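An overview of the molecular structure
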Amino acid sequence: MLSQPVRVFLCWFVSVAATSPLVGTGVLFAEDISSPNTIYVPDAASSVEASSAVDAITCDDDGKAPAWATALGQLQTGQYAEAKGSYERLLASEDVETRAASAIGLSRVAEETGDWKMARLLLDDATKRDADRPELWGRLAEVQFLTGDHKSARASAERAIALDENELRSRLILARLLRESGQVNDAVQGFVWFIRYYNRHDVTDAESLVFVAEGALEYARAKRSSSTFDTVLNDLCPDALKDNPQWWQASLLSGNLLLEKYNRSECNAEFKSVLKTNPNSAQAYAALAQSSLQDHEFEEARQQAEEALKHNPVQLEALLVLVDLELEQDDIVNAQTRLKQAVEVNRLDQRVLARQAALHILTDTLPSLPELELLFDHIRAPAEHPIDNTAPQSALAKLILELAERNPAPGLFLNDLGEFLESRRKHREAELVYETAVAVMPSFSTPKNNLGMLYMATGRVADAERMLDEAFQKDPFHVRVSNMRKVIKVLNSYETIRTDHFLISVDASDRMLGEYMADYLEEVHAELTAEYGFSPDDRTRFEIYADAKGQTAHAWFSARMVGLPWIQTIGASTGMIVALASPRDVPGKFHWARVLKHEYVHILTLQQTEFNIPHWYTEALAVRSEGMAMPAEWNRLLLERVPAGTAFTLDNVNNGFRRPKGPDDWSMAYCQSRLYARYLEETYGSDSLPKLIDCYKRNLATPAAIQEVTGVSVVEFEAGYLAFLKQLVARIEQSQAQPTLDVVAARKSHQEQPENLALAGRYAYALFDEGTTNEARKVAEGVQQKDPSEPFAAATMARLAMSEGETATARKLLLAAHKEEQLHPVILALLAEVTLDAKEFVEAARLYELGVKTFPEEDEFLTGLSIALLEVGDKDRLRATLTQLADRDTTDLGARLKLAELALERHDFAQAKAWGREMMYVDVDDPRGHVVLGDAAMGMQDWSTADKEYAAALELAPDSLPARLGLARSAISSNHPETARPHLKQILADHPDHKEAQTLLDKLPDAE
């Protein structure tokens, strides 16, 4: 498979995990047998390690193992050199069966070690010597087919069947040749032959059972026969392993089927069981690599593919994994190198051809959509849509037309090409290719599955449901399809809030949240579409997932977006739709308005550039739109990576999003993307940002785009950016408190320089942080005796005193180390803290303000200052401080509430409304925010809004006095006294001495 769109599904999300083996039918051709929606995998007993070579071989009628039994055991257990020697000794045998088995065995050794040329030479010689042995012709046909010599493979297979109509390998090759030539119906009949053969014969040997299983699976894929999938996994493969525990091909087949169904945990168990039997199996390592690639574990996939190539330098599946990995990171040169190796193995393999097409797309220009439509119309109906062969054709078109001439139904090629296009967010082109695959090969289910997934990614839920329901009926084992159908069922149960530009789908429990989201999105729509000069043609869909059916909101959101059990974000966009976990159903709080704005910027920039904008730049613009301060985590990463020379560049910053080695890579990619945009804006002007968008809209590569926008080469641009980062790091270092050392590092430094009082002080401080207080005291006292002003030792002793309630002692120690002309962040923070505890609020405010000015990156000074100013009553300075705090901490409800209250005191109702809405953006269930909004609306004489907000607060907190009193006031102000009366009576019932309620009630006109 190509580098697929990020939508892999794991078995954890399917609620129908097997608890006991399914009962096999024993008859493959049994379409009426229903199967539970799960896959049973043979237990550990079915995947046994090899014992002795002879034990695994069925004996002849006289009780003796065949002469080649030992060699076969060596081959099956990966002892290739030993197997080669054993087979070579037997090749000159007078016994024709032994000679044939030895030639086949040697050809398999050659295949497993990557020598296809030798495999064919051996079989050519063997068929000349023993021309009447059908198994030799069958094996030759297999080698010819796997190396792309289809004409010779057909001749050899037909020769084998002429000698033995039941030669299984040849039957399988002929059916596959029919499929590769586009004779799909005939191919299906060829695969059905295996079902009939199994039903009519007593097939018991491992090799034959696996051949039957392969043929049956091809039929099942063509006809989507769930009962056949079931029988292969539960009968044929386990029976093969019972006959010969060393026949790892059965486990490999089971694993590949499970991988095909996106059941990664169980398929990996099968692949690992292969390696227990044959630790040198390149096929097993390549299969593990495919599994890792499917799950977007890119580094693991590369390691496994490279391991496969150590055992077989031309293992095709491993080479294709490496091609996909290079394509994933746009490394065209290495992708071409790997692909060239794959072409040398099998130039006609549809998977190889699909990757050739992908590289044509990357190195040439993708034909326009009308050109592609004409091309694929021709593939679907050549007679109705002829191609002008005299007109110049792109490399992509030539490849597709040549393939179609040879195979008018190249479903696998088209599916893989569609996956590549979808991974590049070419949704319409991918849809066209998938639709063509379905048209020319309607029995092939994979493109239907992918088309359904594509419909989901682009917001066409009804089309997706229809397509995926159809797929599921025939293949209930497909985990990805099963999970997405569950997502659709949940989504269909949601309410939809419609606005002029948006569709917001929410669970009924999130209706209030959805309404606030709708209002906010309409506001930012006007702002952002004006800024970017672009508006989507259709309403944009937002989906808010809540806890449901035993799964968390985040699990449903993750399944909707990527199919993984966990992703690092709380919101995501495909460029066509946005989904997020409901903020009401996730641990902690987040500022959902910023998330919505971030994701809507993705919608605009992706669609505006027809998805050509690189990942780093769409993230840069999305983060910029949030307007937030630099997070402390970003500062830490810049301090670590910029001096170390490990910061990202434009060449690799996208890898931080696509294939991060850890959370730090992911965060650093966001940080640097934002800083690239900031550097552009500050250095080349604010108009450089839309100019760069326009370059990507015209599909320019980043180096050319940077050159056009800035007038300098990308090398010069990167040099300037790096200098910008270094200046930023210097400012962070100057304004940030000195970090304490890890206790191990501090101890080492102290031991190396025991007379250095500064290092000793830091060691004492680190010991206190670790909780080793006695040792911390001992070291700090030693430093204090020599220099009472050493800051870390003084801070350590002060912290010890504070922990014992001796604040006066602590203050004395800190004052001895405090220097106004050379402020130390740790001393200053502790001194301000003890001053605040002593209720000396004016002095505490002065000290904290010193900290804010000198160490602006340290939030503790802002927090302390806000507390001191609140006590002092300096509301103007308090307002400025709280505003900074709210900007730094997007979820600080306390700061937002106090800012709203301060605004109400000043009768600045617009500002109060703004801070009340900020509270809603953090927690729509906080009744205090609704009361603030109600009070602001009252001040603006917006009675209906006041009623709505007070009612919402009362719904959330039925005992809320401010909400009920607000409703009464609003009703009176809008001349609805009878509405006010019951609220006032209820207040007085709960609070008999409430004077305002009594006064208002007394002033009401008598009820009629």
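Residues numbered from 1 in each chain as written. Predicted model: local features only at pLDDT ≥ 70, side-chain atom pairs only at ≥ 80, totals over all residues. Heavy atoms only, no water.

Turning to the overall build of the protein chain, a few remarks are in order. Within the protein chain one finds 50 helices and 5 strands. Taken along its principal axes, the extent of the C-alpha atoms in the protein chain is 110 × 90 × 60 Å. For the protein chain, long-range pairs separated by at least 24 residues make up 62% of all intrachain contacts whose partners lie at least 6 apart in sequence. Side-chain charges in the protein chain split into 104 positive and 154 negative, and the spacing between the mean points of these groups amounts to 1 Å. (Helix = DSSP H or I, 4+ residues; strand = E, 2+ residues; numbered from the N terminus. Contact = heavy atoms within 4.5 Å. Lys, Arg positive; Asp, Glu negative; His and termini not counted. Charge placed at Lys NZ, Arg CZ, Asp CG, Glu CD.)

Here we take up the side chain of Ser-558. Mapped onto the elements of the fold, Ser-558 is located in helix 26 (residues 553-561). By relative accessible area, which is 0% here, Ser-558 ends up buried. Of the polar contacts made by the side chain of Ser-558, one reaches the backbone oxygen of His-554; its length is 2.8 Å. (Buried < 20%, exposed > 50% of the residue type's maximum accessible area, 1.4 Å probe, protein only. Polar contact = N/O pair within 3.5 Å; in protein donor to acceptor, adjacent residues only side chain to side chain.)

A few words on the nonpolar core. The biggest cluster of nonpolar side chains holds 237 residues, and the ones touching the most others in it are Phe-376, Phe-413, Trp-592, Tyr-617 and Leu-638. Counting residues per element, this core draws most heavily on helix 9 (residues 206-223), which supplies 11 residues. If we ignore the near neighbours within four places in the chain, the residues touching Phe-376 are Ile-400, Leu-414, Leu-417, Leu-432, Val-433 and Thr-436. Listed in part, the 46 residues of the second largest apolar core include Leu-823, Ala-832, Ala-845 and Leu-882. (Core = buried A, V, L, I, M, F, W, Y, C linked by side-chain atoms within 4.5 Å.)

Taken N-terminus to C-terminus, the directions of helix 28 (residues 615-626) and helix 32 (residues 688-697) make an angle of 145°; their axes are 12 Å apart at the nearest point. Taken as a pair, helix 28 and helix 32 cross one another with a handedness that is left-handed. Between helix 28 and helix 32, the residues in contact are Trp-616, Tyr-617, Leu-621 and Arg-624 and Ser-688, Leu-689, Leu-692, Ile-693 and Tyr-696, respectively. When the residues that make up the contact of helix 28 with helix 32 are grouped by side-chain class, the tally is 7 nonpolar, 1 polar and 1 charged. (Axes fitted to C-alpha atoms, helices over the stretch in contact; angles between N-to-C directions. Left-handed = near helix turned anticlockwise from the far one by under 90°. Nonpolar A, V, L, I, M, F, W, Y, C, P; charged D, E, K, R; others polar.)

Our focus in this paragraph is empty space enclosed by the protein. Rolled over the atoms, a probe with the dimensions of a water molecule shows which regions are left empty. Per the counting criterion, the structure on display carries 2 cavities of 30 Å³ or more. Each pocket or cavity is described by its volume, and for the second largest cavity that value is around 40 Å³. Every residue lining the second largest cavity is listed: Ile-361, Leu-366, Leu-372, Phe-376, Leu-396, Leu-417, Leu-421, Glu-429 and Val-433. For the lining of the second largest cavity, the secondary-structure elements that each account for two or more residues are helix 18 (369-380), helix 20 (411-423) and helix 21 (427-440). Of the residues in the lining of the second largest cavity, the class split is 8 nonpolar, no polar and 1 charged. (1 Å grid on protein atoms, 1.4 Å probe; cavity = no way out; pocket = protein on both sides within 12 Å on 5 of 7 lines; lining within 4 Å. Points joined across faces, edges and corners; volume = space filled by probe spheres on them.)

Applying the stated criterion across every chain, the model contains 24 aromatic pairs. For the ring pair Phe-855 and Phe-861, a centre distance of 6.1 Å and an interplane angle of 25° mean the geometry is stacked. Pair check on accessibility: Phe-855 and Phe-861 agree, each one buried. Members of the aromatic cluster, joined through ring pairs, are Trp-616, Tyr-617, Tyr-676, Tyr-679, Tyr-684, Tyr-696, Phe-717, Tyr-721 and Phe-724. Note that Arg-799 overlies the ring of Tyr-765, its terminal NZ or CZ placed 4.4 Å from the centroid. Directly above the aromatic system of Tyr-516 lies the positively charged group of Lys-948, at a separation of 5.4 Å from the ring centroid. (Phe/Tyr/Trp six-rings, centres within 6.5 Å; stacked < 30°, edge-to-face > 60°. Lys NZ or Arg CZ within 6 Å of the ring centre and 35° of its normal.)

Of all the positions in helix 35 (residues 743-752), only Val-743, Ala-746 and His-750 are classed as buried. Taken end-on, helix 35 shows its buried residues confined to a sector of 60°, consistent with a single buried face. Seen from the open side of helix 35, the exposed residues pointing more than 90 degrees away from its buried face are Val-744, Gln-751 and Glu-752. Against helix 36 (757-770) lie the buried residues of helix 35. (Arc of directions from axis to C-beta.)

The next thing to look at is the environment of Pro-408. The residue Pro-408 is located in the loop between helix 19 (395-406) and helix 20 in this model. For Pro-408 and Pro-382, which are 26 residues apart along the polypeptide, the C-alpha to C-alpha distance reads 9.1 Å. Ignoring any residue separated from it by four or fewer positions in sequence, one finds Pro-408 in contact with Ser-181, Gly-182, Ile-379 and Val-440.

With that settled, consider helix 41 (residues 841-854). Over its 14 residues, helix 41 extends 20 Å from the first C-alpha to the last, a length consistent with the 20 Å expected when each residue adds 1.5 Å. For helix 41, the full list of buried residues reads Phe-841, Ala-844, Ala-845, Leu-847, Tyr-848, Gly-851 and Val-852. The arc that holds every buried residue of helix 41, seen down its axis, measures 165°, which confines them to one face. Opposite the buried face of helix 41, at more than 90 degrees from it, the exposed residues are Val-842 and Lys-853. Considering only its buried residues, helix 41 is in contact with helix 40 (825-837), helix 42 (859-872) and helix 43 (875-888). (Expected span 1.5 Å × (residues − 1).)

Per-chain confidence: the protein chain averages 89 in pLDDT, with 92% of residues scoring 70 or above. Below pLDDT 50 for its whole length, residues 1-58 participates in 172 contacts with residues either more than four positions away or in separate chains. (pLDDT = per-residue confidence, 0-100.)

Next up on the list: the environment of Val-345. Residue position: Val-345 is located in helix 16 (residues 332-345). Residue class for Val-345 comes out buried when judged on its relative accessible area of 6%. For the pair formed by Val-345 and Thr-147, sequence separation is 198 residues and the distance between their alpha carbons is 5.5 Å. The residues touching Val-345, leaving out its near neighbours within four places in the chain, are Trp-116, Leu-146, Thr-147, Val-314, Leu-316 and Leu-319.

Right, let's get into the sheet that holds strand 5 (residues 577-581). Across the sheet, which stays open at both edges, the 5 strands sit in the order 1-2-3-5-4 with mixed pairing between neighbours. One side of each edge strand has no neighbouring strand; the edge strands of this open sheet are strand 1 (495-498) and strand 4 (571-573). Direction aside, the axes of adjacent strands within the sheet are offset by 15° on average. Pairing geometry for strand 4 and strand 5, over 3 bridges, is antiparallel. From the neighbouring strand, Ser-573 faces strand 5, where its bridge partner is Val-578. The strands that helix 24 (residues 479-492) touches are strand 2 (502-506) and strand 3 (540-545); relative to strand 3, the one it contacts most, it runs at about 95°. Each of strand 3, strand 4 and strand 5 is contacted by helix 26, which is oriented at about 155° to strand 5, the strand it contacts most. (Pairing = 2+ DSSP bridges.)

With respect to the helices and strands, Glu-543 occurs in strand 3. On the accessibility criterion, Glu-543 (0% relative accessible area) is buried. Side chain to side chain, Glu-543 and Arg-560 meet in a polar contact 2.8 Å long. Discounting residues that sit within four places of it in the chain, Glu-543 has contacts with Val-461, Leu-491, Ser-505, Arg-560, Val-578, Ala-579 and Leu-580.

The geometry of helix 31 (residues 663-684) relative to helix 32 is characterised by a closest axis approach of 9 Å and an angle of 120° between their N-to-C directions. Viewed along their axes, helix 31 and helix 32 adopt a mutual orientation that is oblique. The residues of helix 32 that touch helix 31, namely those facing Ala-677, Leu-680, Glu-681 and Tyr-684, are Ser-688, Leu-689 and Leu-692. Partitioned by chemical class, the residues of the contact of helix 31 with helix 32 number 5 nonpolar, 1 polar and 1 charged. (Parallel < 35°, antiparallel > 145°, perpendicular 65-115°, else oblique.)

Counting buried residues along strand 3, 6 of its 6 residues qualify, which places the element largely inside the surrounding structure. As judged from the 5 bridges shared by strand 2 and strand 3, these two strands associate in the parallel manner. Its bridge partner lying in strand 3, Phe-502 is registered against Thr-540. Once you follow strand 2 into helix 25 (residues 511-532) and on to strand 3, the crossover reads as left-handed. As paired strands, strand 3 and strand 5 are joined by 5 bridges and run parallel to one another. In the strand pairing of strand 5, Tyr-545 is matched with Ala-581. (Right-handed = clockwise from strand over helix to strand, strands pointing away.)

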